[in-house]
Amino acid sequence: MERMLVKDHLRCPVSNELKLPPLPFARPDIGIGEERAAVEVLRTGWLTTGPKCREFESAFSEYIGCTHSLTVNSCTAGLHLALEACGVGPGDLVITTPYTFTATAEVVRYLGAEVSFCDVNEQTRNIDPQSLQQVLENSRDIKVIMPVHFAGLACDMKQIMELANQYDCKVIEDAAHALPCSSDGRMIGTIADATAFSFYATKTLSTGEGGMVTTADDELAARIKKMRLHGIDRDVFDRYRGSKPSWYYEIVQAGFKYNMTDLAAAIGIVQLSRIEEMRSRREDIANHYSDAFSRLPIELPPPPPVGDLHAWHLYVIGVYPELSGMGRDDFIVSLAELGIGSSVHFIPLHIQPYWRDRYSLEPTAFPKAMSAYRKAVSLPIYSSMTDADVERVIHAVKTTLSGKGSKS
Ligand SMILES: *Cc1c(COP(=O)(O)O)cnc(C)c1O
């Protein structure tokens, strides 16, 4: 009798909930393979850029199907290098959307160029081609378009590349969310002039910090290669290697210190070998959420077009009073009380003090971005989540919304 009571007590969902540690919003999926690879590199005595970076680059090129892959120490560094290689400088304009992380836009300022923002599609939160065309139409100095594949759903690259062609601009993609991801059957990383991926701790492939630039353009690749490591000219280095001593090198530019470590690359190689398995797990979680939430008074993230890959870096729902019976901020507080971490992607750049003041932007300047922001909640979605973790999130969302909203 006593034993049964104890058992019943353990089964009680409320007490279970109280005992579980909070579920983090994001968590890298690092296994024994990554651990072994890291230890192996530590034992070789070669920690900085070396054979592991080269191996990571060839494996990445093969996976994406691109010509050049270049390791860097962040996506931000990759975007900066790509813009620099395209010759962006003072007097130039670069278009992106305010619905992104500040890294996308700040690299434009590093080079003394200016950012021109344009609005997004409210559902996908990706750059709106119509809005893009308007900005292109109204300015002569646009040098580069920087699309951001929000959450891992591709922008309409066909339209963007056509517009870039028509207005004679380059396209550099912020693919921080987009590994792996495709647009119209083509892998992101093979379409634009250059593409920058992120291997930051929360991203779909993680090396702690890190990034990769892909391009099919030999000249861009050569410039990026030179500038990512202090402007050392490798070609000169290689050319004279026969006749000059091994300590000889030539500096041809004031370059940057953006190289990846072999320690990061070794972890990256193992992560890349698991990328399909990890993506498939995130897709299952996304599908499971969308089924479970289909009758709830919230907006669900749009699925990818048939045949295209969604990286599902983020699963963003829309919660707002008119639909849900409660506001986004209260919803997040309630999830936290139920032990579920969540986040908001993104606070639009045009309401951030720096960008607002630099370009005198009103909150109303980008109405779609604002309305997407006001309702955005990113739920946990990562390949190391267990089925029980996923059920906990669903339970917390349903509990929070129970009795609220227009559809319930
Ligand atoms: C994470 C992120 C970045 C920056 O990536 P880092 O590797 O940390 O430099 C850039 N853009 C977007 C949209 C991101 O989410």
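What you see as residue numbers is a count from 1 along each chain, following the sequence as written. With the structure being a predicted model, the display of local features is reserved for residues of pLDDT at least 70 and the display and counting of side-chain atom pairs for 80 or more, all residues being used for whole-chain, interface and lining totals. The basis for every side-chain value is the complete set of heavy atoms in the structure, and neither hydrogens nor water enter the calculation.

**Topic: the overall build of the protein chain**
Then step 1. Working definition: helices are DSSP H or I runs of at least four residues, strands are E runs of at least two. Numbering for both runs from the N terminus. Counting its secondary structure elements, the protein chain contains 17 helices and eleven strands.
Then step 2. Taken over C-alpha atoms, the radius of gyration comes to 23 Å for the protein chain, in line with the 22 Å a tight globule of 408 residues would show.
Then step 3. By its C-alpha atoms, the protein chain is 90 × 55 × 40 Å across when sized along the principal axes.
Then step 4. Between buried and exposed lies partly exposed: a residue is buried under 20% and exposed over 50% of the maximum accessible area for its type, with that area taken using a 1.4 Å probe on protein chains only. Across the 408 residues of the protein chain, 50% fall into the buried class.
Then step 5. A total of about 19,300 Å² of accessible surface is found on the protein chain, and carbon and sulfur atoms cover 52% of it. This radius of gyration counts C-alpha atoms alone. The globule rule is 2.2 Å times how many residues there are, raised to the power 0.38. Only the protein chains shown count as cover for residues, and the accessible areas themselves come from Shrake-Rupley with a 1.4 Å probe.

**Re helix α16 (residues 367–375)**
Then step 1. Along α16, the residues classified as buried are Ala-369, Met-370, Ala-372, Tyr-373 and Lys-375.
Then step 2. Along its buried surface, α16 packs onto β10 (315–318), α14 (328–337) and β11 (376–379). Should any heavy atoms of two residues lie within 4.5 Å, those residues are counted as being in contact.

**Overview of the packing of aromatic side chains**
Then step 1. Between the rings of Phe, Tyr and Trp (Trp by its six-membered ring), a pair exists once the centres lie within 6.5 Å; its type follows the angle of the planes, with under 30 degrees stacked, over 60 edge-to-face, and the other angles tilted. Summed over all chains, the structure comprises 18 aromatic pairs.
Then step 2. Ring plane angle 75 degrees and centroid distance 6.3 Å describe the contact between Phe-117 and Phe-366, whose orientation is recorded as edge-to-face. Here Phe-366 lies in the loop between α15 (353–358) and α16 and Phe-117 lies in strand β3 (residues 114–117), a separation of 249 residues in the sequence. An identical accessibility class is assigned to Phe-117 and Phe-366; each is buried.
Then step 3. For the pair Trp-355 and Tyr-359, a centre-to-centre distance of 6.3 Å together with 20 degrees between the ring planes defines the contact as stacked.
Then step 4. Using a relative accessible area of 2% as the deciding quantity, one classes Trp-355 as buried.

**Describing the sheet that holds strand β4 (residues 142–145)**
Then step 1. The mixed open sheet is built from seven strands, whose spatial order is β1-β9-β8-β5-β4-β2-β3. On the outer flanks of this sheet lie β1 (68–72) and β3, each paired with one strand and no other. Direction aside, the axes of adjacent strands within the sheet are offset by 25 degrees on average.
Then step 2. By this definition, two strands are paired if DSSP reports at least two bridges between them. Taken together, the five bridges between β1 and strand β9 (residues 211–215) define a ladder with antiparallel strand orientation. Looking at the pairing, Val-72 lines up with Gly-211 of β9.
Then step 3. Under this scheme, a helix contributes an axis fitted over its contacting stretch, all axes are lines through C-alpha atoms, and angles between N-to-C directions fall in the 0 to 180 degree range. Strands β2 (93–96), β3 and β5 (170–174) of the sheet are contacted by helix α6 (residues 102–110), whose axis makes an angle of about 145 degrees with β3.
Then step 4. Of the strands in this sheet, β4 and β5 touch helix α8 (residues 157–167), which is tilted by about 145 degrees from β5.

**Concerning the side chain of Glu-57**
Then step 1. Considering the arrangement of structural elements, one finds Glu-57 in helix α4 (residues 51–64).
Then step 2. The residues touching Glu-57, leaving out its near neighbours within four places in the chain, are Ser-69, Leu-70, Thr-71, Met-212 and Arg-228.

**With respect to the pattern of salt bridges**
Then step 1. Here, a salt bridge means any side-chain nitrogen of Lys or Arg that lies within 4 Å of a carboxyl oxygen of Asp or Glu. Under the defined criterion, the tally for this structure stands at 16 salt bridges.
Then step 2. For Asp-387, the salt bridge identified is with Arg-281, shortest N-O distance 3.1 Å. Linking Asp-387 in helix α17 (residues 387–401) with Arg-281 in helix α12 (residues 275–292), this pair joins segments that are 106 residues apart in sequence.
Then step 3. Linked by salt bridges that have partners in common, Asp-29, Glu-34, Arg-274 and Glu-277 make up one network.

**Concerning empty space enclosed by the protein**
Then step 1. With a 1 Å grid laid over protein atoms only, a set of points is called a cavity when a 1.4 Å probe fits there but cannot get out and a pocket when it is open yet has protein on both sides within 12 Å along at least five of seven lines; lining residues have an atom within 4 Å of a point. Grid points are joined across faces, edges and corners, and a volume is the space filled by probe spheres set on the points. Overall, the coordinates contain three cavities of 30 Å³ or more when judged by the stated rule.
Then step 2. Estimates place the volume of the largest cavity at around 160 Å³.
Then step 3. Surrounding the second largest cavity, Gln-123, Thr-124, Arg-125, Phe-150, Ala-151, Leu-153, Pro-301, Pro-302, His-310, Leu-314, Tyr-315 and Val-316 form its lining.
Then step 4. Charged residues are taken to be Asp, Glu, Lys and Arg, nonpolar residues to be Ala, Val, Leu, Ile, Met, Phe, Trp, Tyr, Cys and Pro, and polar residues to be all remaining types, Gly included. Tallied by class, residues from the lining of the second largest cavity come to eight nonpolar, three polar and one charged.

**Digging into the layout of surface pockets**
Over the atoms rolls a probe the size of a water molecule, and its path tells where empty space is left.
Then step 1. By volume, the second largest pocket amounts to about 440 Å³.
Then step 2. As for the second largest pocket, its lining consists of 23 residues, and the residues nearest its centre are Phe-101, Ala-176, Ser-198, Tyr-200 and Lys-203.
Then step 3. If one sorts the elements of the lining of the second largest pocket by residue count, helix α5 (residues 75–85) sits on top with three residues.
Then step 4. The class makeup of the residues in the lining of the second largest pocket is ten nonpolar, ten polar and three charged.

**So, the pairing of β2**
Then step 1. Every second residue of β2 is oriented toward a common face, with Leu-93 and Ile-95 on one face and Val-94 and Thr-96 on the other, all of them buried.
Then step 2. Pairing geometry for β2 and β4, over three bridges, is parallel. Bridge assignment links Ile-95 to a residue of β4, and that residue is Ile-145.

**Considerations on the side chain of Asp-174**
Then step 1. Tracing the chain through its elements places Asp-174 in strand β5.
Then step 2. Buried charge without a partner: Asp-174 forms no salt bridge, and the closest opposite charge is Lys-203, 6.8 Å away.
Then step 3. In protein, a polar contact requires one atom able to donate a hydrogen and another able to accept it; more generally it is a pair of N or O atoms within 3.5 Å, and residues adjacent in sequence count only if both atoms are side-chain atoms. For Asp-174, the side chain forms a polar contact with the side chain of Thr-104, separated by 2.8 Å. The convention is simple: Lys and Arg are positive, Asp and Glu are negative, and His and the chain ends are not counted.

**Considerations on the environment of Leu-272**
Then step 1. Secondary-structure assignment places Leu-272 in helix α11 (residues 262–273).
Then step 2. On the basis of relative accessible area, Leu-272 is assigned to the buried category, the value being 8%.
Then step 3. Placed 66 residues apart in sequence, Leu-272 and Ser-206 show a C-alpha to C-alpha distance of 9.2 Å.
Then step 4. If sequence neighbours within four positions are ignored, Leu-272 has contacts with Phe-56, Ala-59, Phe-60, Tyr-63 and Leu-205.

**A few points about the nonpolar core**
Soluble globular proteins: nonpolar side chains tend toward being buried together.
Then step 1. Nonpolar cores were defined as sets of buried Ala, Val, Leu, Ile, Met, Phe, Trp, Tyr and Cys residues, with membership established by side-chain atoms within 4.5 Å. Core analysis: the largest hydrophobic core is formed by 47 residues, its most contacted members being Leu-83, Val-88, Tyr-99, Phe-117, Val-144, Met-146 and Ile-172.
Then step 2. Of all the elements in the fold, those that place two or more residues in this core are β1, α5, α6, β3, β8 (194–198), α9 (218–227) and α16.
Then step 3. Element by element, the count of residues in this core is highest for α5, at seven residues.
Then step 4. Discounting residues that sit within four places of it in the chain, Val-88 has contacts with Leu-83, Val-94, Leu-111, Ala-113, Lys-143 and Val-144.
Then step 5. Counting residues in each nonpolar core, the second largest holds 41 residues, with Leu-93, Ile-95, Ile-127 and Phe-199 among its members.

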